[in-house]
Protein chains: 4
Amino acid sequence: MRGYTMKKDDYSARLRRIEGQVRGLQRMIDEDTYCIDVLTQVSAVTKALQSVAVGLLDEHVRHCVANADEGKSDEMITEAVRAIERLVRS
Amino acid sequence: MRGYTMKKDDYSARLRRIEGQVRGLQRMIDEDTYCIDVLTQVSAVTKALQSVAVGLLDEHVRHCVANADEGKSDEMITEAVRAIERLVRS
Amino acid sequence: MRGYTMKKDDYSARLRRIEGQVRGLQRMIDEDTYCIDVLTQVSAVTKALQSVAVGLLDEHVRHCVANADEGKSDEMITEAVRAIERLVRS
Amino acid sequence: MRGYTMKKDDYSARLRRIEGQVRGLQRMIDEDTYCIDVLTQVSAVTKALQSVAVGLLDEHVRHCVANADEGKSDEMITEAVRAIERLVRS
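These lines cover the structure that appears in this document, whether it is placed above or below.

Definitions and limits used
Residues numbered from 1 in each chain as written. Chains lettered and ligands numbered in written order. Predicted model: local features only at pLDDT ≥ 70, side-chain atom pairs only at ≥ 80, totals over all residues. Heavy atoms only, no water. Helix = DSSP H or I, 4+ residues; strand = E, 2+ residues; numbered from the N terminus. Rg over C-alpha atoms; globule rule 2.2 N^0.38 Å. Buried < 20%, exposed > 50% of the residue type's maximum accessible area, 1.4 Å probe, protein only. Least-squares fit on C-alpha atoms with pLDDT ≥ 70 in both. Contact = heavy atoms within 4.5 Å. 1 Å grid on protein atoms, 1.4 Å probe; cavity = no way out; pocket = protein on both sides within 12 Å on 5 of 7 lines; lining within 4 Å. Points joined across faces, edges and corners; volume = space filled by probe spheres on them. Nonpolar A, V, L, I, M, F, W, Y, C, P; charged D, E, K, R; others polar. Buried area = accessible area lost by both parts, 1.4 Å probe. Salt bridge = Lys/Arg side-chain N within 4 Å of Asp/Glu carboxyl O. Expected span 1.5 Å × (residues − 1). Arc of directions from axis to C-beta.

Before going further, it helps to examine the overall build of chain A. A count of helices and strands for chain A gives three helices and zero strands. When its helices and strands are written in sequence order, chain A yields α-α-α. Taken over the C-alpha trace, chain A has a radius of gyration of 17 Å; the compact-globule value for 90 residues is 12 Å, which it surpasses by more than 25%. Taken along its principal axes, the extent of the C-alpha atoms in chain A is 55 × 30 × 10 Å. Looking at chain A residue by residue over its 90 residues, the buried ones come to 53%.

Structure follows, in structure tokens:
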């Protein structure tokens, strides 16, 4: 189980918006937009992606806690911590 | 002047690939992919975006140096450093 | 309860090493070390700090799961996720 | 030449403060401070280190531009961009 079923629509909406932002970046490159303005937009997209990631982590951890008695949480927490590590370093 | 004219096609190609990755994320959510796998993919997209950003910064700084005698570089460097700051913090 | 009692010595040892690295940075500045080499060392210290942070988070989340039945985990997870957010953005 | 001679005292003062913050972290661990509060402090130290890094980069890039005619700036910019990359990823 994914653990984020309840907000599926929310994630989809955010990712569609991010897809639009990436297309916006392509347009900026096509139209020779000033490099610093492109960078500002790249930072905005990165932040939006990180918000999605933090949301997924939130639900994953809650899922681990809610299913603490099923004996699988140890492995799931290890996976979560590795994912946090990748995010912090990316 | 943008300062990255020569690699315009390269940036466009990368951004199209990133757009495809974001659509891939939407599919993962639709298909209830295991949350940790979604997070791995989010980290990959973030890294790809940061590579684009570092490439743009590279060219911007070279542009500042190449046009050092035009007296505009001071302001352009300040903008670049602020962009670096936003990237480091995003 | 902190939730990281068992590795207390390990954290202390790491932080002492980080303190030594920060003193090393001061020496580098004093001795006019080439700026890029200072930056490489700053990145090393940042990574060492983030490892400490990820270790603390790991134990905090495990603590939440281990004490899932005490009804306090909801608040503790919210705090953990906010801490992750600050780390990802710092 | 380092390129940051003029602010040497400022960097030293900041690094001494960071050293104090790292010692503060050791005390927090010794005194069994709540893990989330330790994490908040780790984020503060990381941010302080990144400010030092951004300051060094600022001066390095200005130094490259100021010495643009000496033919060494190409290599120095490449080094700077690699340093930015390490920072963005750390």
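We are not done yet, so read on.
Relative to chain B, chain A is turned by 180° and slid 0.0 Å along the rotation axis, the superposed coordinates differing by an RMSD of 0.0 Å. The superposition operator between the copies reduces to a two-fold rotation axis. Taken as a fraction of all interface residues of chain A, those also at the interface in chain B reach 100%, which identifies the copy contact as same-surface.

Attention now goes to empty space enclosed by the protein. Enumeration over the complete set of coordinates arrives at one cavity of 30 Å³ or more. By volume, the largest cavity is sized at about 30 Å³. Lining the largest cavity are A:Val88, A:Ser90, B:Val88, B:Ser90, C:Val88, C:Ser90, D:Val88 and D:Ser90. In the lining of the largest cavity, the residues fall into four nonpolar, four polar and no charged.

The partner chain A presents 21 residues to the 21 residues of chain C that form the contact. For the pair chain C and chain A, the summed buried surface comes to about 2000 Å²; carbon and sulfur atoms form 71% of the total. Contact with chain A buries surface across chain C, with C:Arg62, C:Val65 and C:Val88 losing the most and accounting together for 28% of the total. Linking chain C with chain A are two salt bridges, by the criterion used here.

With that settled, consider the pattern of salt bridges. Summed over all chains, the structure comprises 24 salt bridges over all chains. Here D:Arg62 and B:Asp74 are joined by a salt bridge, their closest N and O atoms 3.2 Å apart. In this pair, D:Arg62 is assigned in helix H2 (residues 35-66) and B:Asp74 in helix H3 (residues 73-89), connecting two distinct chains. Assessed through its relative accessible area of 24%, D:Arg62 is described here as partly exposed. Residue classification places B:Asp74 among the exposed positions, given a relative accessible area of 51%. Two residues, C:Glu19 and C:Arg23, come together in a salt bridge whose shortest N-O distance is 2.8 Å. Of this pair, C:Glu19 and C:Arg23 are both found in helix H1 (residues 8-30), four residues apart, which corresponds to roughly one turn of the helix. The exposure class assigned to C:Glu19 is buried, which follows from its relative accessible area of 8%. Assessed through its relative accessible area of 36%, C:Arg23 is described here as partly exposed. If you follow the salt bridges from partner to partner, you end up with A:Glu19, A:Arg23, B:Glu19 and B:Arg23 in one network.

Right, let's talk about helix H3 (residues 73-89) of chain A for a bit. Between its first and last C-alpha atoms H3(A) spans 24 Å; for 17 residues at 1.5 Å apiece the expected length is 24 Å, and the two agree. Within H3(A), burial applies to A:Ser73, A:Met76, A:Ile77, A:Ala80, A:Val81, A:Ala83, A:Ile84, A:Leu87 and A:Val88. Each buried residue of H3(A) sits inside an arc of 160° when the element is viewed along its axis, so together they form one side. Of the exposed residues in H3(A), those oriented more than 90 degrees away from the buried face are A:Asp74, A:Glu75 and A:Arg82. At its buried positions, H3(A) is contacted by helix H2 (35-66) of chain A, helix H2 (35-66) of chain B together with helix H2 (35-66) and helix H3 (73-89) of chain C.

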